[in-house]
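Each chain, written out:
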Amino acid sequence: MLYSDKVENVSERSSTKRRLLILGAGESGCGAAVLAVQKGYEVLVSDAGTIKPKYLELLQKYNIPFEHGGHIKASEFNPDEVVKSPGIPDNWESAGGLLMIEHGNFVKGDRVFPVISEIEFAARYTNAKMVCITGSNGKTTTTSLIYDIFKRAGLKVGLAGNIGHSLALQAAEDDAEWYVIELSSFQLDNMYDFKADIAVLMNITPDHLDRYDFCFQNYVNSKFRITGNQSKDDFFIYWNDDPVIAAEVAKKQFCCKLVPFDIKTELPLSDDELSIKGKHNRLNATAATLAARAAGIGDEVIAESLKTFAGVEHRLQYVDTIKGIRYINDSKATNVDSCWYALDSMQTPTVLILGGKDKGNDYSYIDRLVNEKCRALVFMGLHNEPLHEHFDGCGLPIADTDNISEAVKQATRLAQKGDTVLLSPCCASFDLFTSYEDRGKQFMREVRSLCS
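All residue numbers refer to position in the chain's written sequence, counted from 1. The predicted origin of the model limits local features to residues at a pLDDT of at least 70 and limits the giving and counting of side-chain atom pairs to 80 or more, whereas totals for whole chains, interfaces and linings rest on all residues. Side-chain numbers here rest on the full set of heavy atoms in the structure, without hydrogens or water.

Caption draft 1: The arrangement of the pattern of salt bridges in detail. Whenever a carboxyl oxygen of Asp or Glu lies within 4 Å of a side-chain nitrogen of Lys or Arg, that contact is scored as a salt bridge. Under the counting rule described, the total for this entry stands at 17 salt bridges. Two residues, Arg375 and Asp419, come together in a salt bridge whose shortest N-O distance is 2.4 Å. Placement of Arg375 in strand E19 (residues 374-380) and of Asp419 in the loop between helix H15 (404-414) and strand E21 (420-423) is noted, with a sequence separation of 44 residues between them. In this structure Arg375 comes out as partly exposed when scored by relative accessible area, which is 26%. Per the convention used, a helix needs a DSSP run of H or I reaching at least four residues, while a strand needs a run of E reaching at least two, with both numbered from the N terminus. Only protein chains enter the calculation, and the probe is 1.4 Å; a residue is then buried if its accessible area is under 20% of its type maximum, exposed if over 50%, and partly exposed in between.

Structure follows, in structure tokens:
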């Protein structure tokens, strides 16, 4: 275990300062630490793993006490509040049982301390307006497109949440007028007083059910937290054709302005002029347009962005065409619904690479498209049993692999000239990779190595 030089006497420091324990020393945790120190908190950052060099440099730059490789000092620290990484579930116990979170509260002996997200903490210290986007799919593209429009409009805007930089760090170092924030259900779970000026809900399909007691309604409730605390001057933009969203909206009462949209909602340019193609991207563009209009941005600026926006890395990203076979990186498809959109957009016979950390997936949702679009399947994961159980009877050739190199080789072997090899895994990446970005980059590297 490694400690900073500043950490040895954290339990003996002055009790006049509010104390903040931060669990997880990634982008959000370290950003929260910088803001907390700036606002006069006594801080300890604790990570069970190894802190990346760039985050170590940030903590050292601001003289912030930290430990990694375990939670020994954290177990001695008496916080007023706890900020935790979104990756830590609401019921969690550290190795050795030194720390414990139960039902979203930090428990230490007979004392209970509130746990909040970095977004909740950061929002206390900025007067910026918030555009917040969530959904099972499409939120990264929509978030990135809204950010592009706001920048084009000349607004001082920051990008935060699941993409971009820590909201807390931006609030500490160079606060903006607007923030465009992609929010996962995990982040929403630990947000209580935070308010979105403009909330966008793209869709809700089963995902991360392993974190929600395999109860879909719990996951739905988490997504709808994005509308919490909204007032009459705020906007709630949502896809009205999503049956789950429509049902929830019908049974709730809202103080904010409701802005439903569908595939027919008018855009400031024709569908042919959109730079991002497909039905799902048309919906993404519609949500972004409505968010920008709610912020007072004119259609001329919006249209220019919709014409030129380049899309999102690892989402239906063209890699290369080698010997007549197209390779597409859709590593961001970490759930079945996202894979459905990818398959639906395929125009040629497809060899689909899927697999990873299963989150309680229902693969029947893509059965029709697999039968219609796929020439073969390649499973890529440490535990492919659920995939075999579901797909072995589908009548398609199947290759079983446990690494990206072999998956690309097998997909290439099974493909024919004119086909597409599509990495759209349906699953989280954490069995073989550090993130979906890591998975996508390794896929692209292996594809390009086919030319050598």
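Caption draft 2: Highlighting the pairing of strand E13 (residues 198-201). On E13, burial covers both faces: Ile198 and Val200 on one face and Ala199 and Leu201 on the other are all buried. At least two bridges found by DSSP between two strands is the condition for calling them paired. Where strand E10 (residues 129-134) and E13 come together, 4 bridges link them in parallel fashion. Paired with Cys132 across the strands is Ala199, a residue of E13. Here E13 pairs with strand E14 (residues 235-239) via 4 bridges, running parallel. Opposite Ala199, over in E14, you have Phe236 as the bridge partner.

Caption draft 3: Spatial organisation of helix H16 (residues 436-449). The span you would expect from a helix comes to 1.5 Å times its residue count less one. For H16, built from 14 residues, the straight-helix expectation of 20 Å at 1.5 Å per residue is met to within 8% by its first-to-last C-alpha distance of 20 Å. For H16, every residue scored as buried is listed here: Tyr436, Arg439, Gly440, Gln442, Phe443, Met444, Glu446 and Val447. Close packing links the buried residues of H16 with strand E16 (317-322), strand E17 (325-329), strand E18 (350-354), E19, H15 and E21. What makes two residues a contact is simply this: any of their non-hydrogen atoms within 4.5 Å.

Caption draft 4: Local environment of the packing of helix H1 (residues 27-38) against helix H2 (residues 53-61). For the pair H1 and H2, interaxial distance at closest approach is 10 Å and the crossing angle is 10°. The angle between H1 and H2 falls in the class roughly parallel. From H1, Glu27, Cys30, Ala33 and Val34 reach across to H2, where they touch Tyr55, Leu58 and Leu59. Of the residues contributing to the contact of H1 with H2, the split by class is 6 nonpolar, no polar and 1 charged. To obtain each axis, a line is fitted to C-alpha atoms, and for helices this fit is confined to the stretch in contact; angles are then taken between N-to-C directions over 0 to 180 degrees. Just so you know how the angles are binned, under 35 degrees is roughly parallel, over 145 roughly antiparallel, 65 to 115 roughly perpendicular, and the rest oblique. Gly counts as polar in this scheme, as do all residues outside two lists: the nonpolar Ala, Val, Leu, Ile, Met, Phe, Trp, Tyr, Cys and Pro, and the charged Asp, Glu, Lys and Arg.

Caption draft 5: Region of interest: the sheet that holds E19. In spatial order, the strands read E16-E17-E21-E18-E19-E20; together these 6 strands make up an open sheet with mixed pairing. The strands lining the two open edges of the sheet, one partner per strand, are E16 and strand E20 (398-401). Each strand axis lies, on average, 20° off the axis of its neighbour in the sheet, ignoring direction. In the sheet, E18 pairs with E19 via 5 bridges, with the strands oriented parallel. What sits directly across from Thr350, in E19, is Cys374. Packing of H15 onto the sheet brings it into contact with E17, E18, E19, E20 and E21, and relative to E19 it is tilted by some 165°. Lying over the sheet, H16 contacts E16, E17, E18, E19 and E21, oriented at roughly 15° with respect to E16.

Caption draft 6: The arrangement of the sheet that holds strand E12 (residues 178-182) in detail. Strand order across the open sheet formed by 6 strands is E11-E12-E10-E13-E14-E15, with parallel pairing between neighbours. At either end of the open sheet lies a strand with only one pairing partner, and these are strand E11 (157-161) and strand E15 (257-261). Strand-to-strand twist of the sheet, defined as the mean angle between neighbouring strand axes without regard to direction, takes the value 15°. Helix-sheet contacts for helix H10 (residues 279-294) involve E10, E13, E14 and E15, and the interaxial angle to E15 is about 155°.

Caption draft 7: Representation of the packing of aromatic side chains. Stacked, edge-to-face and tilted are the three classes for Phe, Tyr and Trp ring pairs, Trp counted by its six-membered ring, which pair at centre distances within 6.5 Å; planes under 30 degrees apart are stacked, over 60 edge-to-face, the rest tilted. A complete count under the given rule lists 12 aromatic pairs for this structure. One aromatic cluster is present, built from ring pairs that chain together Phe224, Phe236, Tyr238 and Phe254. Note on geometry: a ring has a charge over it if NZ (lysine) or CZ (arginine) is within 6 Å of the ring centre and within 35 degrees of the ring normal. Seen from the ring of Phe77, Arg19 lies directly overhead, with NZ or CZ sitting 4.9 Å from the centre. Residue placement shows Arg211 over the ring face of Phe186; its charged tip is 3.6 Å from the ring centre.

Caption draft 8: Representation of the side chain of Thr142 in the model. For Thr142, the location among the structural elements is in helix H5 (residues 139-152). Here the side chain of Thr142 touches Gly138 through a polar contact of 2.8 Å, landing on its backbone oxygen. Excluding its chain neighbours within four sequence positions, the residues that come into contact with Thr142 are Ile133, Met202, Asn284, Ala287 and Ala288. Pairing of N or O atoms within 3.5 Å defines a polar contact, subject to two protein rules: one partner must be a possible hydrogen donor and the other a possible acceptor, and residues neighboring in sequence count only if both atoms are side-chain atoms.

Caption draft 9: Structural context of the nonpolar core. In terms of nonpolar packing, the biggest core is built from 59 residues, with Val131, Leu343, Ile366, Leu377 and Phe391 touching the most fellow members. Per element, the largest residue contribution to this core is 7 residues, and it comes from H10. Beyond its immediate sequence surroundings of up to four residues, Leu377 is in contact with Leu352, Leu354, Val370, Phe391, Cys394, Leu396, Pro397, Ile398, Ala399 and Leu414. Only buried residues count toward a nonpolar core, which is a set of Ala, Val, Leu, Ile, Met, Phe, Trp, Tyr and Cys residues joined through side-chain atoms within 4.5 Å.

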